[in-house]
Amino acid sequence: MSRSQEISLDTVRVRKKRKNKDTWAIIGFIAPAFLIYGVYVIYSIFMTFYYSTFSWTGIDANMVFVGLENYIRLLQDGVFWTSIQNNFLLVIASLLTQLPVGLIMALLLFSPIKGMRLFRSVYFMPFLMSTVAIGILFIFIYEGNYGLLNTILGAVGLESLQTAWIGKESTAIWAVIATVCWQFAPFYMILFRATIVGIPEELYEAADIDGASGWQRFKNITLPLLMPIIITSAILSVIGSLKYFDLIYVMTGGGPNNSTELMATYMYKQTFTNFNMGYGSSISFSMFIIAFIVTVFILLGDRTRRGNE
Amino acid sequence: MINKKIFWLMLVTIMFVFAACGPSDSTGTDDAPEDVSGDTDTETENSGEDAEIAGDGEQITLNLWHIETGPSEETIEVAVERFEENNPNVTVEVSQQENDPYKSQLSVAMGGGNPPDVFHSWGGGWLKQFVDSDQVLDITDSVDASLYNEAALSVATFDHNIYGAPVSMDVVPVFYNKDMFEEYGLEEPETYDDLLDIVQTLSDNGVTPFALANQTKWTGSFYLMYLAERIGGPELFNEAFERSGRTFDDEAYVEAGRKIQELVEMGAFPEGVNGMNYDTGQSRQMLYTESAAMMTMGGWLVNNVRDEMPEFEDKLGFFLFPSVEGGEGAKNHVVGGVSPVFSVAQQTDHPELAAELVNELASLETATEMANNAGSISAVMGVEYDDPYIQEMSEVLESSEAMQTYYDQTLPPELAQVHLDTTQALFGLSMEPEEAMDEVEEKAEEVLEE
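Counting starts from 1 at the beginning of each chain's written sequence and moves along it residue by residue. Going through the entries in the order they are written, you letter the chains from A and number the ligands from 1. Totals for whole chains, interfaces and linings use all residues, but because this is a predicted model, local features are given only for residues with pLDDT of at least 70 and pairs of side-chain atoms are given and counted only at 80 or more. The side-chain figures draw on all heavy atoms in the structure; neither hydrogens nor water molecules are used.

Let us now look at the overall build of chain A. Helical segments are the DSSP runs of H or I of at least four residues, strand segments are the runs of E of at least two, and each set is numbered from the N terminus. Across its full length, chain A holds 12 helices and 2 strands. Going through the 309 residues of chain A one by one, you find that 41% of them count as buried. Contact criterion: two residues are considered in contact whenever any of their non-hydrogen atoms come within 4.5 Å of each other. Looking at chain A alone, contacts between residues at least 24 apart form 66% of all its contacts between residues at least 6 apart. Carbon and sulfur atoms form 69% of the exposed surface of chain A, whose accessible area is close to 17,500 Å². Type-normalised accessible area, obtained with a 1.4 Å probe on protein chains alone, sets the label of each residue: buried when under 20%, exposed when over 50%, and partly exposed for intermediate values. Each accessible area value is a Shrake-Rupley result obtained with a 1.4 Å probe; residue values ignore everything except the protein chains displayed when judging cover.

Okay, structure coming up:
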């Protein structure tokens, strides 16, 4: 009796010891990444909020505390609202074009067409190009007087559609969004393709035995198994679109007349061109809040979807 | 046992990583002086031989940031070499930066307490922003003001104190294609009505009258500055800027805006003008391919032409923006600007040496080389020009009765941005002139009357 008790106590002790050891090892492994994450992400987020409560040029030693005044000003700033609107346009356009186009391209790459390898490289090419190069390339494609797009439209007799694509407020944002989608669709293609490769062949064989059509195979096997990666892609695409900066900066600089301004480009302009570090920080922090809320919603939606299954 | 070993191994690794990160961390957060002296220490260790040759114990490093390219970059480098020869114990680390990124780069460096000792600017409102933040050294006592063109020096003079020395200046004429003018029987215009006739003739013949790439915004600003001056006279801007009389929503500004929109409606500018970028050469291409006949641009256009299509220079003529009948301005009032201006950062450890470097960069010798190699008008007096084109340009500047510096460099950055944005909107016909000028005035009240 007493002996067996002793033994069990011993095992508990050993287990505890092992557990302690494990904890230390885990901390040891996590610590470096966590420290970097802490300094460059968490601390930065708090500092951004801290700066956003000041009226500060960013170069001056003198910082004036203004509380939430920057945020009140932000809510009354027409350009900021335009930029939010443009960001959401970009989000919607990205979700509705990049993911489906990426999926279609991924599926196409599995169909028995000659020269598959060539297509695979060609489809992926836009994503390999530097953003600045793409931006300048498309500036010339969209050019109003001798641009490629207008020339093609003219050649096929659609002169009435010719316009200065990025020079007009009404078309500029769409022209840039189209370019963004062109650039990023291949990225999702690669993600989807990798996942499709991982789907066990047996499932398709079983479907064949059951006499499933191509569409049924896609609907009942490929799509459900792709769902997790689609959700991940959606989050990536939404967050990416909310933070988007590069092509706008290169192609239009937010113009004409702020019609293509995004939150990130407006933040840059306020912070570094207008010397409003405080105000710029309040834009950054608002971006963070918006992206955070949107992500929470997507994750909640995903959880309910899984719950329903 | 094995776990323990791994744990210690990891701990050591982490310590090592942090030890390695340590010094660079401290340079990032600590004050500049320590950082610079740290640099100097390593410099002395590394370049012991150099120090021996110099026969001087202390090695000093100065940092210089500039944005010159091509021939003018070489000129800067030659000037730095001269300075290093005269000061053998000093090494100048020259860092050439790109125009637009430079602006944010410098403000980050200033704000982070780690600025270059000597830096480039355009004078005006942008430099003043740094002066107001106590980031720029007053070099009134180190600079010989009598060396410089008065108008050029004034862009870096605030409250009678000099904060920078100018090297070169530019004026903005209207460039035109002489062959095309001859072909359509056109002559250089004297009045604005003449100019309108030219615009009409050219557009009737299917030629775009003015090549303009206005995504860049400052390019279109030239037209507003000239029209406003021609209508409201040379004092209009100063009164509005100094809040001593007329304002930015003055009738003259509104009228200038109307005239721009009138030109746009006549087809004076290319299709989609607001989407075209000067830096990627879109407007110059129109000039070179003769699909456009004129371009209002700074004298540096000639530099671009020599670089991109040298044979085009033969066809290139220029005239000054014509006067508007009934207006208060005159044809010999020019829009122009100064660049580069070199200033010393307040936080430098070697103020005397840095000021000396500024004097070398803005010396007669440098300015002469700059003028003759890079084709810019000298801001230093007494330069002899080899290049007939620059000679002609500098005569234009000398004979002009008034010089208007670029609004976007004279105004505080925030106000300048509003001016540029609203002017771009005028060209896009998406804003009424009254509305645009009201917006500028509203911002001016907020920014200038603090």
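Two numbers describe a pair of packed helices, the interaxial angle and the distance between the axes. All names here are of chain A. Their axes nearest at 10 Å, the elements helix 8 (residues 201-209) and helix 9 (residues 214-242) cross at an angle of 160°. By the angle between their axes, helix 8 is roughly antiparallel relative to helix 9. Helix-helix and strand crossings are classified by hand; for helix 8 and helix 9 the assignment is right-handed. Each of Leu-203, Tyr-204, Ala-207 and Asp-208 in helix 8 lies in contact with helix 9, whose residues at this interface are Arg-217, Ile-221, Thr-222 and Leu-225. Under the convention adopted here, Pro, Cys and the residues Ala, Val, Leu, Ile, Met, Phe, Trp and Tyr are nonpolar, Asp, Glu, Lys and Arg are charged, and Gly plus all remaining residues are polar. Residues that form the contact of helix 8 with helix 9 fall into these classes: 5 nonpolar, 1 polar and 2 charged. The axes used here are C-alpha line fits, helices contributing only the stretch in contact, and every angle between their N-to-C directions lies in the interval 0 to 180 degrees. For classification purposes, an angle smaller than 35 degrees is called roughly parallel, one larger than 145 roughly antiparallel, one from 65 to 115 roughly perpendicular, and anything else oblique. Handedness of a crossing follows from how the near helix is turned relative to the far one, being left-handed for an anticlockwise turn of less than a right angle and right-handed for a clockwise one.

Next up on the list: the environment of Phe-319 of chain B. Residues and elements named next belong to chain B. Looking at the element boundaries, Phe-319 is found in strand 11 (residues 316-319). For Phe-319, a relative accessible area of 2% translates into the label buried. Distance from Phe-319 to Val-174, taken between C-alpha atoms, is 5.4 Å for residues 145 residues apart in sequence. In this structure, Phe-319 is in contact with Pro-173, Val-174, Tyr-176, Phe-181, Glu-188, Pro-189, Leu-195 and Met-294, ignoring residues within four places of it in sequence.

Looking at chain B as a whole, its pLDDT mean stands at 85, while 87% of the residues score no less than 70. pLDDT measures the predictor's confidence residue by residue and takes values from 0 up to 100. In the predicted structure, residues 17-55 of chain B sits below a pLDDT of 50 and forms 21 contacts with residues beyond four places in sequence or in another chain.

All names here are of chain B. Taking burial as the measure, the 7 residues of strand 1 (residues 60-66) include 6 buried ones, the bulk of the element. Sheet topology places strand 1 next to strand 2 (residues 90-96); 7 bridges connect them, and they run parallel. Across the sheet, the residue bridging to Thr-61 is Thr-91, located in strand 2. Note on handedness: a clockwise path from strand one over the helix to strand two, with the strands aimed away from the viewer, defines a right-handed crossover. Between the parallel elements strand 1 and strand 2, the chain passes through helix 4 (residues 70-86) in a crossover that is right-handed. Bridge count between strand 1 and strand 3 (residues 118-121): 2 bridges; the pairing is parallel. Bridge pairing in strand 3 places Trp-65 opposite Phe-119. In this scheme, strands are said to pair when DSSP sees at least two bridges between them.

What follows concerns the environment of Ile-283 of chain A. Residue and element names in this part refer to chain A. Looking at the secondary structure, you find Ile-283 in helix 12 (residues 277-308). Exposure remark for Ile-283: the relative accessible area of 0% places this residue in the buried category. Considering only alpha carbons, one finds Ile-283 and Tyr-268, 15 residues apart in sequence, at a separation of 9.4 Å. Look past the residues within four positions of Ile-283 in its chain and what remains in contact with it is Leu-74, Phe-80, Met-263, Tyr-266, Met-267 and Gln-270.

Once that is clear, we can look at unusual backbone geometry. The amide bond that connects Ser-339 of chain B to the next residue, Pro-340 of chain B, takes the cis arrangement and shows omega of -5°. Here Pro-340 of chain B lies in the loop between strand 12 (333-338) and strand 13 (341-344). Located in the positive-phi region is Phe-275 of chain A, a residue other than glycine, with phi close to 55°. Within the element layout of this structure, Phe-275 of chain A appears in the loop between helix 11 (263-273) and helix 12. Residue classification places Phe-275 of chain A among the buried positions, given a relative accessible area of 2%.

Our focus in this paragraph is the sheet that holds strand 15 (residues 402-405) of chain B. Pairing between the strands of a sheet is mediated by backbone hydrogen bonds and can be parallel or antiparallel. Residue and element names in this part refer to chain B. Spatially, 14-7-12-15 is the arrangement adopted by the 4 strands of the open sheet, whose pairing is mixed. Two strands close off the open sheet at either side, each with one partner strand: strand 14 (377-378) and strand 15. Pairing analysis gives 4 bridges linking strand 12 to strand 15, with the strands arranged parallel. The residue bridging His-333 from the neighbouring strand is Ala-402, located in strand 15. Strand contacts of helix 10 (residues 218-232): strand 12 and strand 15, with the helix running at about 140° to strand 12, the strand carrying the most contacts.

With that settled, consider the interface of chain A and chain B. Between chain A and chain B, the contact holds 41 residues from the first and 37 residues from the second. Any Lys or Arg side-chain nitrogen found within 4 Å of a carboxyl oxygen on Asp or Glu counts as a salt bridge. For the pair chain A and chain B, the number of links is 2 salt bridges. Its salt-bridge partner being Arg-73 of chain A, residue Glu-414 of chain B comes within 3.6 Å of it at the nearest N-O pair. What qualifies as a polar contact is a pair of N or O atoms within 3.5 Å, subject to a donor-acceptor requirement within protein and to the restriction that residues adjacent in sequence count only when both atoms come from side chains. Summed over the shared surface of chain A and chain B, the result is 8 residue pairs in polar contact (both at pLDDT 80 or more). Looking at the side of chain A that touches chain B, the elements with two or more residues in it are helix 1 (2-52), helix 5 (131-142), helix 10 (246-251) and helix 11 of chain A. With 8 residues, the single largest contributor to the side of chain A that touches chain B is helix 1 of chain A. Grouping the amino acids of the side of chain A that touches chain B by side-chain chemistry returns 19 nonpolar, 14 polar and 8 charged.

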